[in-house]
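The residues making up each chain are set out below.
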Amino acid sequence: MGGPFPGSRNDPLTAFHIVMKPSTHSSSDWIEVTLETDPVTHEAVSDFLMDMPGCAGVLVDESEAPVLKAYLPGEGASTEGLGLRIEAFLSRLAGFFPDAGPSAFRLDRIRDQDWRTAWRKHFRPEQVTPGLLILPAWDPVPSKPPGLILRMDPGPAFGTGSHPTTRMCLQAMEEFVPKGPFSLLDVGTGSGILAMYGVLLGASPAAAVDVDEAALRWAGWNLELNGLEEAVQLSSKPLDQWKTPFSIVTANLALDVIMDLMPCFPRVVEPGGILVLSGLLMEQVTLVTPALAGKGFSMVGELGSEEWACIVAERHEQDRPQEEVER
């Protein structure tokens, strides 16, 4: 759900994620704000909610109908005033996203000191590909595993494998994994799920980069959960500083970030290597493929799920300028 990268959404949209920040609110009296809104608006809505006074967290659940939940201190707060503020924001939001569907919201007072762990009910064991089971870190490992297993603790705002973009990246990795030795770089790694699956498929060496230090800490924790902490190099080094090419490069990121990183891809994907891109809407594919062609890539695969797309491109076999391969 890939993860945060410059200008990206927080994990281009795993089936759910939770963003938390420190709160000095000690009472168990909270106002739960529930919003049903088009996924294209989720980043803007989440930012609005996180900026509200006392907001301790935003949960995004896209496993069924797109729903965002925010938690605000309830003591002394007026639900009527809060409702008017949200209505005004949603009215302005419609002007920025004219093609988005209608939004609706609900306010509920709750008394739940453990709301920060309530999101776990949204994360269940899931067979995301025929060969891979994603298992919540708090669930026991099955006695007869149905293939490879990755134990995941998504942490705040990072991927679990449930969202179509992450699932399609995992499927593409299975389909296009080289028969012999190969290396892998995951760009915007978030939870580390793509890098870890690459290792399970045989990648060595494997590296995962993210400019968000919090993402790297959670990726490190997930690596430890799976005994892979020595198998993946975690780094915050920006992609434009990477010189050594890899057999497979994965990037599950938003369109604007992918386009910003486009000049880096010929350097980090070896000739004949594979680039897996997702975090893209179906209609955005036509914006990416010409840019890839201009950088020496040819499309070799495309997956689609709901409104999301994943494209697989191969870098042309050609000699590289010497300066590209120098560290």
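Residues numbered from 1 in each chain as written. Predicted model: local features only at pLDDT ≥ 70, side-chain atom pairs only at ≥ 80, totals over all residues. Heavy atoms only, no water.

Undergrad: How should I be thinking about a negative patch on the surface in this particular structure?
TA: A cluster of like negative charges, contributed by Glu 43, Asp 47, Asp 51, Asp 256 and Asp 260, occupies part of the molecular surface. Elements represented by at least two residues in the negative patch include exactly helix H1 (42–50) and helix H7 (255–261). Within the secondary structure, Asp 256 is located in helix H7. (Patch = residues over 30% accessible without salt bridge, like charges linked within 9 Å, V, L, I, M, F, W, Y side chains within 5 Å. Areas by Shrake-Rupley, 256 points an atom, 1.4 Å probe, with all protein chains shown as cover. Salt bridge = Lys/Arg side-chain N within 4 Å of Asp/Glu carboxyl O. Lys, Arg positive; Asp, Glu negative; His and termini not counted. Charge placed at Lys NZ, Arg CZ, Asp CG, Glu CD. Helix = DSSP H or I, 4+ residues; strand = E, 2+ residues; numbered from the N terminus.)

Undergrad: Explain the sheet that holds strand E7 (residues 132–136) here, please?
TA: Adjacent strands of a sheet form backbone hydrogen bonds with each other and so pair up, either parallel or antiparallel. Strand order in the open sheet made by the 3 strands is E6-E7-E8, with mixed pairing throughout. Each edge of the open sheet is held by one strand with a lone partner, namely strand E6 (126–129) and strand E8 (148–152). Between one strand and the next, the sheet's axes are offset by a mean angle of 30°, whatever the strand orientation. Across 3 bridges, E6 lies against E7 in antiparallel orientation. Each bridged residue has a counterpart across the sheet, and for Thr 129 the counterpart in E7 is Leu 132. Across the sheet, helix H4 (residues 164–176) touches E6 and E7, and the angle it forms with E6 is around 55°. (Pairing = 2+ DSSP bridges. Axes fitted to C-alpha atoms, helices over the stretch in contact; angles between N-to-C directions. Contact = heavy atoms within 4.5 Å.)

Undergrad: Just to check I follow, could you spell out the pattern of salt bridges for this structure?
TA: If charged atoms from side chains of opposite charge come close, those side chains can pair. Taken as a whole and assessed by the stated rule, the structure comprises 3 salt bridges. Glu 32 serves as the salt-bridge partner of Lys 69, at 3.8 Å between the closest nitrogen and oxygen. In this pair, Lys 69 sits in strand E4 (residues 67–73) while Glu 32 sits in strand E2 (residues 29–36), placing the two residues 37 residues apart along the sequence. According to the relative accessible area criterion, Lys 69 is buried, its value standing at 18%. We classify Glu 32 as buried; its relative accessible area is 13%. Among the ionic pairs, Arg 167 bridges to Glu 126, the shortest N-O distance being 2.3 Å. With Arg 167 in helix H4 and Glu 126 in strand E6, this residue pair connects regions lying 41 residues apart in the sequence. Overall, Glu 126 belongs to the partly exposed group, its relative accessible area being 23%. (Buried < 20%, exposed > 50% of the residue type's maximum accessible area, 1.4 Å probe, protein only.)

Undergrad: What's the story with the packing of aromatic side chains in this structure? I'm lost.
TA: The relative placement of two aromatic rings is captured by the distance of their centres and the angle of their planes. Enumeration according to the criterion identifies 2 aromatic pairs in this entry. Their ring planes at 5° and their centres at 3.9 Å tell us that Phe 48 and Phe 89 sit as a pair that is stacked. Of this pair, Phe 48 sits in helix H1 while Phe 89 sits in helix H2 (residues 79–96), placing them 41 residues apart in sequence. As far as the burial class goes, Phe 48 and Phe 89 line up, both buried. (Phe/Tyr/Trp six-rings, centres within 6.5 Å; stacked < 30°, edge-to-face > 60°.)

Undergrad: Looking at this structure, I do not really get the packing of H1 against H2. What am I missing?
TA: Helix packing geometry: the angle between the two helix axes and the distance between the axes. Look at H1 against H2: their axes get within 12 Å of each other, and the N-to-C directions meet at 150°. The angle between H1 and H2 falls in the class roughly antiparallel. In this structure, H1 meets H2 at a crossing whose hand is right-handed. On H2, the residues touching Ala 44, Val 45 and Phe 48 of H1 are Arg 85, Ile 86, Phe 89 and Leu 93. Looking at the contact of H1 with H2 residue by residue, the classes come out as 6 nonpolar, no polar and 1 charged. (Parallel < 35°, antiparallel > 145°, perpendicular 65-115°, else oblique. Left-handed = near helix turned anticlockwise from the far one by under 90°. Nonpolar A, V, L, I, M, F, W, Y, C, P; charged D, E, K, R; others polar.)

Interpretation note: all reported values are geometric properties and have no functional meaning in isolation.
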